[in-house]
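Summary of structural features
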Amino acid sequence: MPAARELKRLTRLVSGVLVVAGLAALVPVQNRIDAENGIYGPIADVLYMPSGGLLGRLSLGNEGLLAAIYWTRAVQYFGSRSLAKQARFELLAPLLRITTELDPHLLIAYRFGAIFLTEKPPEGAGQPEAALDLIRHGIVNNPAYWRLWQDLGFIYYWNLKDYRRAAQAYLLGSRQPGALFFMKAMAAKILAQGGDPATSYELWMQLYRQAENEQLRRNAEIHLTAIRATIGMKQLNDLLARYQEAAGHPAKSFEELVAAGLLRGIPVDPSGAPYRIGGDGKVALGPRSKVLLYLVE
Amino acid sequence: MARIWSITWHTFKEAARDRVLYNLIVFALLMIGASILFGQISVGIEGIILVDLGLSSIAVFGVLMAILIGIGLVSKEIERRTIFNVLSKPVHRFEFILGKYFGLLLTLFVNTGVMAAGFYVALFYQKRSLGPEDLLPLGAIYFILLQFALVVAWALFFSCLSTPVLSAVFTFSIYVAGHFLGDLRFFGQETHSRLVSGVTTLLYYLLPNFADFDVITRTAHGEKISGVLFTANSLYALLYVTVLISAAVLVFEEKEFR
Amino acid sequence: MPAIETTELTKDYAVGFWRKRPKRVLEDLNLEVASGEVFGLLGPNGAGKSTTLKLILGLIFPTSGAVRIFGSDWRDVSLRARIGFLPENPSFYDNLSAEEFLNYAGSLFGLAAGERRRRAAKLLEQVGLAEVGDIPVRRYSKGMVQRLGLAQALINDPELVILDEPMSGLDPLGRREVRDLILDLKAQKRTVLFSTHILSDAETLCDRVAILHRGRLQGLGEIGEILAMGVASTEIVLEAPSPGVQDSLASMGVSAVRTGERVRLSVQDEAEVERVLEIAVREKVKVVSITPVRLTLEDYFMEKVEKGKPVREKFDRQALSRKG
């Protein structure tokens, strides 16, 4: 009976169409949901959790797992270049607090927080106090881990510019088991020349070498570049001053210095773009420069 | 059609009398009761804890129920050979699938109603009076029901393909995996491989995004869920369930019962 | 129009994990079940009986060949409204009662609520489950489950009743009841198709039988024809025949076995039987018994299945080896 076969074919056809069309239709709907949820997507619960301790107790023994999940979200949300523009760094502090309350030995979370919490917006949260709280919590729970002292030192040095305390932190850290030699050296250098670009360069170089993931490495890199640029620009400014003294008037372009034998060629910044001389007679970054000078302010 | 309704109703009757379900409901109610005690540990957050834990209990036990009865939808009928009784009668195969699905959904609906009633009793006991803000958990419960609709549909689909035990395992795995699709997509994007990134993005849209329905914590803190989210999630669930049921029908039409 | 008609019906299953090889479980089955007859499907386990029944009901699909029911293609789901089916070793939902299940079954046929209840009650009565109709089926014994199976097969007042091993799990009383039920169905002019490996049941119930073995049709015929396939021989027992009589018999070529006072004769054809009886009457020899040793279904079956020795030879040996 033809009708029976037709019904079977029709059923197959309709089902197949529904499967394909349904799956395709899911895409815009999911996107709409994602848009509506916004930041709440990856880290909703953090905003509301009263404490990591309570969350840990509720997790019935899975604190480590939860900590890993929260840490993953932190990296996903704050560490991704693709999301960098949308990140609201003010949410980073509570996220890291809960993560480290769930797992006080998650060392990378402390390092991450130390850097991105102190960094000024838009690169970071600009909350050095929060960073200090985090690191102190880390040191309390991991007192012998020398790198946390390094992070503490970093916070005092870089953002708070409290060189005495920074040096103290490095010194204390240098006494912990396994500490590398540079800790002691840094302590001394900071005391002697805190704020000096060369000192800062070394500090960031250590962070660069120790970077545990892409975000941290890249972050250290752009800082190193900026510091190198600063050092280079200072040297160029000295040269400009010498030229002005010698020539009696300020240089308007670097060609003049080349002609005067003070330079071998047009100077380029660490990103490869040529410097220019600004309206105030001092060195400035060229238009094509990728150096983020403001990091070093 | 009347036949689909009959299958729905009798599936419900059969499932609702299942001893295991009673036990699960009792556990859920116990959890809700316990969360009152829990809240008394920390001052100031009893209300939050009750809503948070209470709703989470409903969600977790409901999913367990969904999986346990869900696997009995088709694969158990095939194993126990009760399916011969139905399919030898003038019933279209797709009617069987639809009837079974709605029957199980009805069972979950009723069970959730019982658990929700327990929840509100606990809430009333704790707060002594209920206000309009206490309607918020109903919204969360609606989202939980949407989750159930999805889980059952998955259980039904797997049930057509494999044994009861495997169906349970697969369904549970999908449920867990469906909470981490965002992370999956992120990791795919961060590897600098177009292929991996493409695959993870495909999976992001293909696999069921259960995380969409997680509104319990927000609700516990008194945040309203936007109308857009209600509509969008309802639509998502509807579409996905349609996909799964259609796929189940496709598989089931070709199935032979030795 | 025949109730069921199969044409070159073939079924293969794919066997094996990686490379699927087809296993043929039914080959080129040509069968016709006429309206109103009781048809038996016989064969040892694995012969293809269940396969055939399931192909008719659309539970499995033919690899090739056709099945027509009431003249229509098997795919027509609405045909099943006229069919009642009892699966082998039936199983029902644990938590529903027999009444509820029959109500469910009836609803699937589109019967109205009142009608369903009426028929359910009547059927439960008929199969002897009226007292236990409201307890959950999981507490039923195997025999009770079988009876519920029969009840649900009849809820829709079917023209065609298909039963897969209906006697299995029943005690002799139960089997008698099922036999009576089938005869009852026949009296109501319904068509009954059932499979069994119990030959005596088929003998008493069926108009026609088909014998399946290893997926092939080995034999098909009316019971009456098969059983009348000659009186294989006649056994005549005489009491104390005189030596003279014995000599006459011996000269006729009739084989005889003597046990005490009695002589047991195995006589081949009708004419010889008459002559023996003439001799007995003339010589005033007492005839204790005259028993036609007929071909039973079992012999027919064994021949078809074993394809071994011809039937007749086996008979003589059987007859002669029986002690007095």
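Residues numbered from 1 in each chain as written. Chains lettered and ligands numbered in written order. Predicted model: local features only at pLDDT ≥ 70, side-chain atom pairs only at ≥ 80, totals over all residues.

Attention now goes to the overall build of chain A. Helices and strands together make up the secondary structure of chain A, namely 13 helices and 2 strands. With 297 residues in all, chain A has 34% of them scored as buried. Across chain A, every contact between residues at least 6 apart in sequence was considered, and the portion connecting residues at least 24 apart equals 51%. (Helix = DSSP H or I, 4+ residues; strand = E, 2+ residues; numbered from the N terminus. Buried ≥ 20, exposed ≤ 12 C-beta atoms within 10 Å, placed from the backbone. Contact = placed C-beta atoms within 7 Å.)

Moving on, we come to the interface of chain C and chain B. A common way to express how large an interface is: the accessible area buried when the components associate. Taken together, the contact between chain C and chain B spans 23 residues of the former and 23 residues of the latter. Among the elements that line the side of chain C that touches chain B, the one with the most residues is helix α2 (residues 98-108) of chain C, at 5 residues. Taken together, the residues of the side of chain C that touches chain B sort by class into 15 nonpolar, 6 polar and 2 charged. (Nonpolar A, V, L, I, M, F, W, Y, C, P; charged D, E, K, R; others polar.)

Attention shifts here to unusual backbone geometry. If you check the backbone angles, Lys 161 of chain A has positive phi at about 55° while not being a glycine. You can see Lys 161 of chain A is positioned in the loop between α8 (146-158) and α9 (163-174). In this structure Lys 161 of chain A comes out as exposed when scored by C-beta crowding, with 10 C-beta atoms within 10 Å. In this structure, Arg 81 of chain B is a non-glycine residue whose phi angle is positive, near 65°. On the neighbour-count criterion, Arg 81 of chain B (16 C-beta atoms within 10 Å) is partly exposed.

Every contact between the two is made by 32 residues of chain B and, on the other side, 28 residues of chain A. Sorting the residues of the side of chain B that touches chain A by element identifies α9 (181-190), α10 (194-206), α11 (216-220) and α12 (227-253) of chain B as the ones contributing at least two each. Here the side of chain B that touches chain A gets 15 residues from one element, more than from any other, and that element is α12 of chain B. Broken down by class, the residue content of the side of chain B that touches chain A amounts to 17 nonpolar, 10 polar and 5 charged.

On to the confidence of the model for chain A, then. Do not read the predicted coordinates in detail wherever pLDDT is low. Across chain A, the average pLDDT comes to 84, with 91% of residues at 70 or higher. Here helix α2 (residues 40-48) of chain A is the element of chain A with the lowest mean pLDDT, 62, and helix α7 (residues 128-141) of chain A is the one with the highest, 92. (pLDDT = per-residue confidence, 0-100.)

The next thing to look at is the sheet that holds strand β1 (residues 4-15) of chain C. The strands making up a sheet are joined through hydrogen bonds of the backbone, oriented either antiparallel or parallel. Residues and elements named next belong to chain C. Strand order in the open sheet formed by 4 strands is β2-β1-β4-β5, and the pairing between neighbours is antiparallel. Strands at the two margins of the open sheet, each flanked by one partner only, are β2 (21-33) and β5 (72-73). Alignment of strand β4 (residues 64-69) against β5, held across 2 bridges, turns out to be antiparallel. Its bridge partner lying in β5, Ile 69 is registered against Ser 72. (Pairing = 2+ DSSP bridges.)

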